[in-house]
Amino acid sequence: MRHRLILFRYLSRELLGTMGAVTIVLLMIMMSGRLINQLASAAAGEIPLEVVFFTLLLRMPSFLEMILPMALFISVLLAYGRMYSENEMSVLSATGFSDRRLLLFTMIPGAVVMVIVGSFSLYLSPLGAEKMEDLYEKQAEMTEFELLAPGRFQSMKKGTRVTYTESLSDNKTVMNQVFIADGDTLMLAEKGSQYFSQETGSRFLELHNGKRFDLAADSAELQVLEFERYGVKIADESEDRRKVRKDAVATLDLLSSQDPKFQAQLHWRLSLIVMVPVLVLIAFPLSKVNPRQGRFARMFPAIILFMVYISLLIAMRGMLEKERVPAMAIWALHLIYLVIGLALLVGPEILRRRRAGRVL
């Protein structure tokens, strides 16, 4: 009993140590890409710079719920691949340590990862998305004027619009002596204010007592329009915010909803949990390598198998949102990969027995 506990600690240390290293690398890659996008939005004046790192922190659970299953999958391949290539597994087998017991020992850390992924996907990720939604609403209410410096021409909307205001009101909700250049259109107004539509997520600019100048691209004719009040949409709801709004729905609310988008979100969250033991079952037989082959012999086909798995899940989530496939399609995919894992696990033994029977 004691030697089994020692072996379990050794195997768990190998798996979790490798998994920690893989998780850090994958997290840095994912966060660096996200950070670049956020800094680009801040540079374009779409969001304040001070909220960039705060949004990354809030999105951390959603990053980890995707990374941890993949990290566990890779760690089984790397850790056990090393042990096979260095004949450690041969020694364990010679002492009576069966593959069945090794798989059981592997599933215990897998169960821990399942619990962690479940806490992220079912609770922490929606909570973080909810906080981000609150942040987006506050930013929308603060308006674009918060990012303006009076007396300076400032590029907005990724450089497609240039805005100038002589001064701002104390609460930064009203611009005085406004100049806006948007493509071939120029607008001058005494005042400008902004309001936010909760229904559509769009922002609108309302100008008072001004003129609009339009220059057609194919002629030199200048059209002038005078107005007392003029409204124009200045920003639609971003794709990022639409996704955050969907992710922010609590899991209990998803259970009681019949909306296809919410149902797809619910099955996606549950799929991240179910995916963990399925990936362990697939990685376990694929980690068996001949010492002459090296520990990375089956890494490439294993990664391809994983990428197809996650890509199909993402595609089916999208199709489920559009009601193109039933919810059972996602679970049928899990079942297919479960069968693949079982085939990889027991298939070689069945073939070996058949060959031995033919010889006899």
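These numbers were taken from a predicted model, which means no experiment stands behind them.

Cut-offs used in this document
Residues numbered from 1 in each chain as written. Predicted model: local features only at pLDDT ≥ 70, side-chain atom pairs only at ≥ 80, totals over all residues. Heavy atoms only, no water. Helix = DSSP H or I, 4+ residues; strand = E, 2+ residues; numbered from the N terminus. Buried < 20%, exposed > 50% of the residue type's maximum accessible area, 1.4 Å probe, protein only. Contact = heavy atoms within 4.5 Å. Axes fitted to C-alpha atoms, helices over the stretch in contact; angles between N-to-C directions. Parallel < 35°, antiparallel > 145°, perpendicular 65-115°, else oblique. Left-handed = near helix turned anticlockwise from the far one by under 90°. Core = buried A, V, L, I, M, F, W, Y, C linked by side-chain atoms within 4.5 Å. Expected span 1.5 Å × (residues − 1). Bend = angle between axes of the 7 residues up to and from the residue. Polar contact = N/O pair within 3.5 Å; in protein donor to acceptor, adjacent residues only side chain to side chain. Phe/Tyr/Trp six-rings, centres within 6.5 Å; stacked < 30°, edge-to-face > 60°. Salt bridge = Lys/Arg side-chain N within 4 Å of Asp/Glu carboxyl O.

So, the overall build of the protein chain
Stage number 1. On a plain count of helices and strands, the protein chain comes out with 10 helices and 6 strands.
Stage number 2. Out of the 360 residues in the protein chain, the part that is buried amounts to 43%.
Stage number 3. For the protein chain, restricting intrachain contacts to residue pairs at least 6 apart in sequence, the fraction spanning at least 24 positions comes to 61%.

A few points about the packing of helix 8 (residues 260-286) against helix 9 (residues 299-321)
Stage number 1. Interaxial distance between helix 8 and helix 9 falls to 10 Å at its minimum, and their mutual angle equals 165 degrees. Taken as axis vectors, helix 8 and helix 9 run roughly antiparallel relative to one another. For the pair helix 8 and helix 9, the crossing hand works out as right-handed.

Quick word on the nonpolar core
Stage number 1. In terms of nonpolar packing, the biggest core is built from 60 residues, with Phe73, Tyr80, Leu102 and Tyr309 touching the most fellow members.
Stage number 2. Those elements that provide at least two residues to this core are helix 1 (2-43), helix 3 (60-85), helix 4 (88-94), helix 5 (99-142), helix 8, helix 9 and helix 10 (328-359).
Stage number 3. The greatest single-element share of this core, amounting to 16 residues, is contributed by helix 3.
Stage number 4. Setting aside chain neighbours within four positions, we find tyrosine 309 in contact with Met275, Val278, Leu279, Leu333, His334 and Tyr337.

Brief notes about helix 8
Stage number 1. Look at helix 8: 37 Å from first C-alpha to last across 27 residues, which is about the 39 Å you get at 1.5 Å a residue.
Stage number 2. Methionine 275 marks where helix 8 bends most, by close to 30 degrees; the proline proline 277 follows one to four residues later.
Stage number 3. In terms of burial, helix 8 is a largely internal element, 21 of the 27 residues being buried.
Stage number 4. Its side-chain oxygen 2.9 Å from the backbone nitrogen of lysine 261, aspartate 259 forms the N-cap of helix 8.

Considerations on the packing of aromatic side chains
When we look at a pair of aromatic rings, we describe it by the centre distance and by the angle of the planes.
Stage number 1. As enumerated under the stated definition, the model contains 5 aromatic pairs in all.
Stage number 2. For the ring pair phenylalanine 73 and phenylalanine 306, a centre distance of 5.6 Å and an interplane angle of 25 degrees mean the geometry is stacked. Here phenylalanine 73, found in helix 3, pairs with phenylalanine 306, found in helix 9; they are 233 residues apart in sequence, far enough to count as distant. A single burial state applies to phenylalanine 73 and to phenylalanine 306, both of which are buried.

Comments concerning the environment of leucine 39
Stage number 1. By secondary structure assignment, the location of leucine 39 is in helix 1.
Stage number 2. Overall, leucine 39 belongs to the partly exposed group, its relative accessible area being 36%.
Stage number 3. C-alpha separation for the pair leucine 39 and phenylalanine 53, spaced 14 residues apart in sequence, amounts to 9.5 Å.

Re the pattern of salt bridges
Opposite charge on two side chains lets them pair, provided their charged atoms get close.
Stage number 1. Going through the model one piece at a time under the given rule, you end up with 7 salt bridges.
Stage number 2. Here arginine 82 ties to glutamate 14 by a salt bridge, and the two come within 3.0 Å at their closest N and O atoms. Pair noted here: arginine 82 is in helix 3 and glutamate 14 is in helix 1, with a separation of 68 residues, a long-range link.
Stage number 3. One salt bridge connects aspartate 247 with arginine 59, and the closest N-O pair in it is separated by 3.6 Å. Of this pair, aspartate 247 sits in helix 6 (residues 239-247) while arginine 59 sits in the loop between helix 2 (52-58) and helix 3; the two residues are 188 residues apart in sequence, bridging distant segments of the chain.
Stage number 4. Using a relative accessible area of 10% as the deciding quantity, one classes aspartate 247 as buried.
Stage number 5. Taken together, the shared-partner salt bridges in this structure form one network comprising Glu14, Arg82, Glu86 and Glu88.

Brief notes about the side chain of threonine 55
Stage number 1. Note that threonine 55 resides in helix 2.
Stage number 2. Note on threonine 55: relative accessible area 4%, which makes it buried.
Stage number 3. The residues touching threonine 55, leaving out its near neighbours within four places in the chain, are Gln38, Met132 and Leu135.

A few points about the environment of proline 69
Stage number 1. The residue proline 69 is located in helix 3 in this model.
Stage number 2. Measuring from C-alpha to C-alpha, the distance between proline 69 and proline 277 comes to 8.9 Å, with 208 residues separating the pair along the chain.
Stage number 3. Ignoring any residue separated from it by four or fewer positions in sequence, one finds proline 69 in contact with Leu64, Val117, Leu272, Met275, Val276 and Leu279.

Remarks on unusual backbone geometry
Stage number 1. Of note, the phi angle at asparagine 87 is positive, near 65 degrees, even though the residue is not glycine.
Stage number 2. Counting through the fold element by element, asparagine 87 comes out in the loop between helix 3 and helix 4.
Stage number 3. Even without a glycine there, the phi angle at glutamine 177 is positive, about 55 degrees.
Stage number 4. Among the structural elements, glutamine 177 can be located in strand 3 (residues 174-182).

What to know about the side chain of serine 75
Stage number 1. Mapping serine 75 onto the fold places it in helix 3.
Stage number 2. At 2.7 Å, the side chain of serine 75 forms a polar contact with the backbone oxygen of leucine 72.
Stage number 3. When sequence neighbours within four positions are dropped, the list of residues in contact with serine 75 reads Leu15, Thr18, Met19 and Tyr80.

Digging into helix 3
Residues separated by three or four positions in an α-helix point in the same direction, a consequence of the helix having 3.6 residues per turn.
Stage number 1. Taking 1.5 Å of rise per residue, the 26 residues of helix 3 would be expected to cover 38 Å, and the 35 Å separating its terminal C-alpha atoms lies within 8% of that figure.
Stage number 2. Of all bends in helix 3, the biggest is about 30 degrees, found at isoleucine 67, and the proline proline 69 comes one to four residues later.
Stage number 3. A large share of helix 3 lies buried, amounting to 24 of its 26 residues.
Stage number 4. Positive phi appears at asparagine 87, one or two residues downstream of helix 3, with a value of about 65 degrees.

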